[in-house]
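What follows is the residue order along each chain.
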Amino acid sequence: DERDPAQLRLFVAVRPPAAACRHLAHALGRDPDPRWHLTLAFLGEQPDPAAFDLGPAVAGLPPFRLALSGATRLGAVVATGVRGDTRALEALARRVQRACRDAGAVLERRRWRPHLTVARGGAVPPALLDYEGPPWTVSEVELVRSVLSRHAEHTVLTAFALG
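Residues numbered from 1 in each chain as written. Predicted model: local features only at pLDDT ≥ 70, side-chain atom pairs only at ≥ 80, totals over all residues. Heavy atoms only, no water.

Draft legend 1. Structural view of the pairing of strand S3 (residues 64–74). Pairing of S3 with strand S6 (residues 136–138) involves three bridges; the strand directions are antiparallel. In the strand pairing of S6, Leu66 is matched with Trp136. Examined bridge by bridge, S3 and strand S4 (residues 77–84) share seven bridges and lie antiparallel to one another. Note that in S4 the partner of Ser69 across the bridge is Gly81. Hairpin connection of S3 to S4: two residues between the antiparallel strands, including Gly75 at a positive phi of 65°. (Pairing = 2+ DSSP bridges. Helix = DSSP H or I, 4+ residues; strand = E, 2+ residues; numbered from the N terminus.)

Draft legend 2. Broad picture of the nonpolar core. In terms of nonpolar packing, the biggest core is built from 43 residues, with Val12, Leu43, Leu92 and Cys100 touching the most fellow members. Ranked by residue count, the leading element in this core is helix H3 (residues 86–102), at seven residues. With sequence-adjacent residues up to four places away left out, Leu92 is seen in contact with Val14, Leu40, Val58, Leu61, Phe64, Val138, Val141 and Leu162. (Core = buried A, V, L, I, M, F, W, Y, C linked by side-chain atoms within 4.5 Å. Buried < 20%, exposed > 50% of the residue type's maximum accessible area, 1.4 Å probe, protein only. Contact = heavy atoms within 4.5 Å.)

Draft legend 3. Representation of H3 in the model. In this model H3 runs 24 Å from its N-terminal to its C-terminal C-alpha over 17 residues, within 8% of the 24 Å that 1.5 Å per residue would give. Residues of H3 that are buried include every one of Ala88, Leu89, Leu92, Ala93, Val96, Gln97, Ala99 and Cys100, and no others. All buried residues of H3 lie within an arc of 165° about the axis, which places them on one face of the element. Exposed side of H3, more than 90 degrees from the buried face: Arg87, Arg94 and Asp102 are the residues found there. Following H3 by one or two positions, Gly104 adopts a phi angle in the positive range, close to 110°. (Expected span 1.5 Å × (residues − 1). Arc of directions from axis to C-beta.)

Draft legend 4. Structural context of a positive patch on the surface. A cluster of basic residues, Arg94, Arg95, Arg98, Arg101 and Arg109, forms a positive patch on the protein surface. Tracing the sequence through the fold places Arg101 in helix H3. (Patch = residues over 30% accessible without salt bridge, like charges linked within 9 Å, V, L, I, M, F, W, Y side chains within 5 Å. Areas by Shrake-Rupley, 256 points an atom, 1.4 Å probe, with all protein chains shown as cover. Salt bridge = Lys/Arg side-chain N within 4 Å of Asp/Glu carboxyl O. Lys, Arg positive; Asp, Glu negative; His and termini not counted. Charge placed at Lys NZ, Arg CZ, Asp CG, Glu CD.)

Draft legend 5. Geometry of the sheet that holds strand S7 (residues 140–147). Spatially, S2-S1-S7-S8 is the arrangement adopted by the four strands of the open sheet, whose pairing is antiparallel. Unpaired on one side and paired on the other, strand S2 (38–46) and strand S8 (153–161) mark the two borders of the sheet. Ignoring which end each strand starts from, the neighbouring axes of this sheet average 25° apart. Relative to S2, strand S1 (residues 8–14) runs antiparallel, the two sharing seven bridges. When the sheet's bridge partners are listed, Arg9 is paired in S2 with Glu45. The strands touched by H3 are S1, S2 and S7; relative to S2, the strand with the most contacts, the crossing angle is about 10°. (Axes fitted to C-alpha atoms, helices over the stretch in contact; angles between N-to-C directions.)

What follows is the structure, encoded as structure tokens:
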């Protein structure tokens, strides 16, 4: 492994509440995955998570409603999309991404698409084709550390409240 142990692999995400994750898991016929999230920005390897104080970037945005909905395929990833106040979600993602760039992160160049990954590879589960999850209120974003292993381990380092 070529990784610098002083560097932390980070991303910023919105996490659906447990009830929304249970609903999705039930539709898929499996247990909820505690790592399920909507990535707003992938920061890669960073030396100092404290550099990413996203509080000021998100404090002026009011909470908003989302729900998991439908199915999408992004390359080898099978995911569910979102419905609800997607304009607010896009505004939040833009603010988070700008703040992360301002703090020194080099973000991916590909277009951001809101989704929650449910599988890597395989076919889209029929249960996702017309899936409509329960709505919830997005009220915070999380700065998350990801440690790659057979199953990635995610640790929330800081949560930043909207509003």
